[in-house]
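# Summary of structural features
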Amino acid sequence: MAGKKTGANEAQECKQRVMELKGRRTNFDDQWQQVKDLVWPDGGDFTYRSSPGQKSTEKIYEMTATLALEKGAAALEAFLTPRTSRWHRLVASNDELNEIASVKRWFEEATDVLFRWRNAPHSRFYGSVHEIWKSNLAYGNGCLLAEERPEGGIVYRQIHVGSAWIDTDYNGNVDTIYREYELTARAACDRWGKGAPRCAKEAVENSPFAKHKYITAVKPAGDYNSALKTSMAYEAIEISSEDEMVLERGGHHELPYIWTRYTVNPHEEYGRGPAMMVLPDIKTLQEMQKAFMRAGHKVADPPLLVADDGVLGRGSKRIRISPGGINVGGIDAMGNPKIMPLQTGARLDLSEGMMETLRGTIREAMGVDLFDVLVRDRVQMTATEVLERAKEKGQLLTPVIGRQQSELLGPLIDREIKVAIRQGALPPMPDELIEAQGEYEIEYESSATRMQKSDEILGIQRAVEVMMPWIESDPSLLEIWKKGKMARHVNNTLGVPSKLVRTETEYDEIEAAAIQAADEEQQMQQAPGAARAMRDISEMGASA
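The sections below set out a description of the structure shown in this document. In this text the structure is predicted, and so the values were computed from the model without any measurement. (Residues numbered from 1 in each chain as written. Predicted model: local features only at pLDDT ≥ 70, side-chain atom pairs only at ≥ 80, totals over all residues. Heavy atoms only, no water.)

## A short note on the sheet that holds strand β4 (residues 164-168)
With respect to topology, five strands assemble into an open sheet ordered β4-β5-β6-β7-β8, the strand pairing being antiparallel. Of all strands in the sheet, those with a lone pairing partner are β4 and β8 (245-252), marking the two edges. In this sheet, adjacent strand axes meet at a mean angle of 15 degrees when their direction is disregarded. Where strand β6 (residues 211-220) meets strand β7 (residues 234-240), seven bridges bridge the pair, whose relative direction is antiparallel. Along β7, the bridge assignment pairs Thr216 with Glu238. Of the strands in this sheet, β5 (174-184), β6, β7 and β8 are in contact with helix α6 (residues 185-192), which crosses β5 at around 120 degrees. (Pairing = 2+ DSSP bridges. Helix = DSSP H or I, 4+ residues; strand = E, 2+ residues; numbered from the N terminus. Axes fitted to C-alpha atoms, helices over the stretch in contact; angles between N-to-C directions. Contact = heavy atoms within 4.5 Å.)

Below is the structure:
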């Protein structure tokens, strides 16, 4: 029976599952190690462990892929989670609720809390998410740990995918995480105190910095092989891999490890990234760079052809190839050289052209060219052309952006909100929202989202251009548009800060005041005529 398991049995079973998951991922680990060696030299290892401080770039002769990874990750961050602006807001799923001031204010305050947590000095959110973007481009997978702080808020940490293994439910969603990590004996005793494993207790006196392995397992509570009874959605255990003992049991209301993938093969659990796709080109470019360097050395410092006269090159007639060197006997009596360079006829320009083609492919795969929306004709483009370019890039970005929003940002925001509610960081929900069971939607407001919505602005602009000749002949056609809502929609889509745009109430008050002023002016203009008419009528009555 699952309920009769001992701690040792649980620990052994946990280790066994990790070994099974490692075996299922061998092919991925081999590819990821190659990507690490050639693309992300500062990333973590997969199939072997480098010593701390060991040189990590010894296999790299050409830096295009490494630099493209940095630029691509920076572009993803700018388009999805920019540090200098708010990249999402929360609204009720029911549009009618969004018209209620208390509901709107609650979601605004909830959004404020989430961004305040992420910007807190201890949170490490943006640094961790940046590593996630690099991991996605390099390995096609990223893992973010969003851990509750007892003091309040959340601490974020990027988990190296080489130290974590996943399992999915029947829908293909990641719902199980096994993570292997190391702690020094000192750190383990600080964390678990008297409950620390024997290996740490024995080492802490003489070797406090000796490291031992531990495993964290988080899986759905009450699954087919569960030994923990909990009301939470996920159960978690910590074990000592060396002593095979359970150190800690617990649970989570939401999965704290958020696993995201760049693209997924239908028959695979792990994702694949752009660097994996162009790995053959990256390898080819590295080999071509080595050959190019050898050829360049030969061109700049070629081998010398020397006449065999039995004298030249010996003693005082030693051949000097340094700048300004004088070679006595280097020419014969007729002035013909006895020393000449070996010309191989190598075409370095052709090699450079072939290498540049590979560089372009690698940059394109990493999204460097894609994300630079205005890379060409930056000065000559009109506003319409800019919107057209943004529309095109937004369409190309949709698959990448959509998966990251659904697998990383959506689950992350959902966990943050629920943690904030449990910690009492949010005000009480309005009654209307409680009746709707708190259902909400996430509206992303990043540059990527605005690029995807640029088609709407183009539609408005084209409609105005087409209708303008008709409006000039019949101004009443302007009334077909809700001009205030149209202008507000354009401002929202282009990302104009809300503090610079009047609210609908303020706009309605200004419009009502303008209408009242126009009416008063019209009455004033009509007043003299009305007075004359009244005077004429009174005079006619008097004469009668």
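## So, the pairing of strand β3 (residues 154-159)
Pairing of strand β2 (residues 141-148) with β3 involves six bridges; the strand directions are antiparallel. Bridge pairing in β3 places Glu148 opposite Ile154. Taking the residues between adjacent antiparallel strands as the criterion, β2 and β3 are bridged by five residues, where Gly152 takes a positive phi near 115 degrees.

## Section: the sheet that holds strand β9 (residues 257-261)
In space, the three strands of this open sheet follow the order β3-β2-β9, with antiparallel pairing throughout. Looking at which strands have only one partner, the edges of the open sheet turn out to be β3 and β9. This sheet shows a mean twist of 20 degrees between the axes of neighbouring strands, independent of strand direction.

## Describing the pattern of salt bridges
Summed over the entire model, instances satisfying the criterion amount to 30 salt bridges. The residue Lys59 makes a salt bridge to Asp37 at a minimum N-O spacing of 3.3 Å. With Lys59 in the loop between α2 (26-38) and α3 (64-80) and Asp37 in helix α2, this residue pair connects regions lying 22 residues apart in the sequence. With relative accessibility at 9%, the residue Asp37 sits in the buried group. One salt bridge connects Arg198 with Asp243, and the closest N-O pair in it is separated by 3.6 Å. Of this pair, Arg198 sits in helix α7 (residues 198-203) while Asp243 is found in the loop between β7 and β8, placing the two residues 45 residues apart along the sequence. Relative accessible area serves as the criterion here: at 16%, Asp243 is assigned to the buried category. Overlapping salt bridges bring together Glu62, Glu356, Arg359 and Arg363 as one network. (Salt bridge = Lys/Arg side-chain N within 4 Å of Asp/Glu carboxyl O. Buried < 20%, exposed > 50% of the residue type's maximum accessible area, 1.4 Å probe, protein only.)

Any functional reading would require information that these geometric values do not contain.
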